[in-house]
Amino acid sequence: MTLQAHVRVAFDTFALDAEVDVDDDELCVLVGPNGAGKTTLLRALTGLVPLDAGSVRIAGEVVDAPRDDLFVPPERRSIGVVFQDYLLFPHMTVLENVAFGLRAHGMRRSQARARALEWLERVGLADRHDAKPGTLSGGQAQRVALARALAPEPALLLLDEPLAALDVQHRATVRRELRVLLAGFHGARILVTHDAVDALTLADRIVILEDGHITQVGAPDEIAARPRSSYVADLVGVNLYQGVAAGHAIRLAQGATLTVAENHAGPVLAVVAPSAVVLHEAAPAGTARNVWPGVISGMERYGDRVRVRVDGDLPIVAEVTADAVNALGFRNDSRVWAAVKATEIAVFPS
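Visitor: In this structure, what is going on with the overall build of the protein chain? I would like to understand it.
Guide: Across its full length, the protein chain holds 9 helices and 19 strands. Along the first, second and third principal axes, the C-alpha set of the protein chain runs to 70 × 50 × 30 Å. Residues classed as buried in the protein chain amount to 49% of the 350 residues present. In the protein chain, the share of contacts with a sequence separation of at least 24, taken over all contacts with a separation of at least 6, comes to 64%. By element, 49% of the accessible surface of the protein chain is carried by carbon and sulfur atoms, the whole surface being about 16,500 Å². Mean positive and mean negative side-chain charge positions of the protein chain (34 and 43 charges, respectively) differ by 4 Å.

Written as structure tokens, this is what we have:
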């Protein structure tokens, strides 16, 4: 276990009390609403916010334990950090940015530059080593920031919303690149995000933080299937499918086929919002191009909405009004037909 942390920090109007353990080779995605304590948790792990109680152990070394009057300063902790806006030094070249962390750890200049160049080769940016950060694309800047964080070979890597600064057009591509780059790092990883697709596609395990407390922990499919709060239900309120696209058709791993509005090719992710799923008592005669039968396997109510899980050739979650459930007489084991319009399916490269 690379990270074992029980973080207790109190402010005038907010208190954080959270336990987080992360294994080697594990990517833990931390998700929560604004003000939940995500940034405070990261700052406590790095040592920028000392604990009031609890402890932090990284790679077997206790770095913060108030009860034992033990505190290791941030610069001596085996942690790499990738910030939301990357925070590259604008006056330094790409090579100098990556070498900075190594120099801060006491490495000689020539050795640091050689190691930094090796990392730039790993992230595919060796040819930009003399460039300044202002000339890089968002995806390139992220790779430089990741190389800078990983070059000192930390035991723990923290990524604070690394995709938030990217526009929708580039986000899927950079997400895919990030997954590949992180696969080469064998320490523990914590990634903070607000994006459900990031969480569901990148995480080995998702940790939900609400109002300073962890309210749910599980694998992505477990979190999506059994949300324990309205926030989680809203967050993971998507149906996510992997498949291979050819034109307007996506052949899914489950064996079913989805018809989508635009042409695509190759491995893709198809996302369907539960609110876009229409449930019928009998096979509908309409314009929806994706229609299939199923059986209701569960229903959870959140306010005036009900999330309905439908099992079948293509398991799917629909979100309908409580009035609709009552009017149609839906119960567990009810047979229904699910319908989704092709225009309601969002498609991203996998």
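Visitor: Please explain the packing of helix α2 (residues 94-104) against helix α4 (residues 138-150) as it appears in this structure.
Guide: When two helices pack together, their arrangement is captured by the angle between the axes and the distance separating the axes. Running from amino to carboxyl end, α2 crosses α4 at an angle of 30 degrees, the nearest separation of the two axes being 7 Å. Between α2 and α4, the crossing angle belongs to the class labelled roughly parallel. The two elements α2 and α4 meet at a crossing, and its hand is right-handed. Contact residues: α2 offers Val94, Asn97 and Val98, while α4 offers Val144, Ala147 and Arg148. The residue inventory of the contact of α2 with α4, partitioned by class, reads 4 nonpolar, 1 polar and 1 charged.

Visitor: Any chance you could explain the pairing of strand β1 (residues 3-10) here in plain terms?
Guide: On a regular strand, each side chain points to the face opposite its neighbour's, so the side chains alternate between the two faces of the sheet. Only one face of β1 is covered, namely the one carrying Leu3, Ala5, Val7 and Val9; the face carrying Gln4, His6, Arg8 and Ala10 has none of its residues buried. As paired elements, β1 and strand β4 (residues 53-58) share 6 bridges and run antiparallel to each other. Bridge pairing in β4 places His6 opposite Ser55. Direction of pairing for β1 relative to strand β2 (residues 15-22): antiparallel, over a ladder of 8 bridges. When the bridges of β2 are listed, Arg8 appears paired with Asp17.

Visitor: How should I be thinking about helix α1 (residues 38-46) in this particular structure?
Guide: In an α-helix there are 3.6 residues to a turn, and that puts residues three or four apart on one side. In terms of burial, α1 is a largely internal element, 7 of the 9 residues being buried. Every buried residue belonging to α1 is among Lys38, Thr40, Leu41, Leu42, Ala44, Leu45 and Thr46, and all of these are buried. Where α1 ends, the next residue or the one after it, Gly47, has phi of about 95 degrees, a positive value.

Visitor: How should I be thinking about α2 in this particular structure?
Guide: Within α2, the full set of buried residues consists of Val94, Leu95, Asn97, Val98, Ala99, Gly101 and Leu102. The elements touched by buried residues of α2 are α3 (109-122) and α4. Phi turns positive one or two residues past the end of α2, at Gly106, with a value near 95 degrees.

Visitor: I keep staring at the environment of Pro74 and nothing clicks. Help me out?
Guide: Locating Pro74 in the fold gives a position in the loop between β6 (70-71) and β7 (79-82). Residue class for Pro74 comes out partly exposed when judged on its relative accessible area of 30%. The spacing of Pro74 and Arg43 is 31 residues in sequence and 9.5 Å in space, taken between C-alpha atoms. Ignoring any residue separated from it by four or fewer positions in sequence, one finds Pro74 in contact with Thr46, Gly47 and Leu48.

Visitor: Teacher, can you tell me more about the pattern of salt bridges here?
Guide: Close approach of charged atoms lets side chains of opposite charge pair. Scanning all chains against the criterion turns up 7 salt bridges. Here Arg8 makes a salt bridge to Asp17, at a shortest N to O gap of 3.7 Å. By relative accessible area, Arg8 is classed as partly exposed at 40%. For Glu319, the salt bridge identified is with Arg305, shortest N-O distance 3.5 Å. Of this pair, Glu319 sits in strand β17 (residues 316-321) while Arg305 is found in strand β16 (residues 305-312), placing the two residues 14 residues apart along the sequence. A relative accessible area of 22% means that Glu319 is categorised as partly exposed.

Visitor: When you look at a negative patch on the surface in this model, what are you seeing that I'm missing?
Guide: On the surface, Glu19, Asp21, Asp23, Asp24, Asp25 and Asp204 cluster together into a patch of negative charge. The topology assignment puts Asp21 in strand β2. Residue classification places Asp21 among the partly exposed residues on the basis of a relative accessible area of 34%.

Visitor: Explain the sheet that holds strand β12 (residues 239-252) here, please?
Guide: Paired through backbone hydrogen bonds, the strands of a sheet run either parallel or antiparallel to each other. Ordered by their spatial adjacency, 3 strands build an open sheet running β12-β13-β19, and the pairing between neighbours is antiparallel. Sheet topology places β12 and β19 (345-349) at the edges, where each strand pairs with a single neighbour. Neighbour to neighbour, the strand axes of the sheet diverge by 45 degrees on average, direction disregarded. Examined bridge by bridge, strand β13 (residues 257-272) and β19 share 5 bridges and lie antiparallel to one another. Counted as the bridge partner of Val268 is Pro349 from β19.

Visitor: Which parts of the structure should I look at to understand the sheet that holds β2?
Guide: Read from one edge to the other, the open sheet built from 5 strands follows the order β2-β1-β4-β5-β6, with strand pairing classed as antiparallel. The sheet is open, and its two edges are formed by β2 and β6, each paired on a single side. Lying on the sheet, α1 is in contact with β1, β2 and β4; it crosses β1 at an angle near 115 degrees.

Each value, and the rule that gives it
Residues numbered from 1 in each chain as written. Predicted model: local features only at pLDDT ≥ 70, side-chain atom pairs only at ≥ 80, totals over all residues. Heavy atoms only, no water. Helix = DSSP H or I, 4+ residues; strand = E, 2+ residues; numbered from the N terminus. Buried < 20%, exposed > 50% of the residue type's maximum accessible area, 1.4 Å probe, protein only. Contact = heavy atoms within 4.5 Å. Areas by Shrake-Rupley, 256 points an atom, 1.4 Å probe, with all protein chains shown as cover. Lys, Arg positive; Asp, Glu negative; His and termini not counted. Charge placed at Lys NZ, Arg CZ, Asp CG, Glu CD. Axes fitted to C-alpha atoms, helices over the stretch in contact; angles between N-to-C directions. Parallel < 35°, antiparallel > 145°, perpendicular 65-115°, else oblique. Left-handed = near helix turned anticlockwise from the far one by under 90°. Nonpolar A, V, L, I, M, F, W, Y, C, P; charged D, E, K, R; others polar. Pairing = 2+ DSSP bridges. Salt bridge = Lys/Arg side-chain N within 4 Å of Asp/Glu carboxyl O. Patch = residues over 30% accessible without salt bridge, like charges linked within 9 Å, V, L, I, M, F, W, Y side chains within 5 Å.

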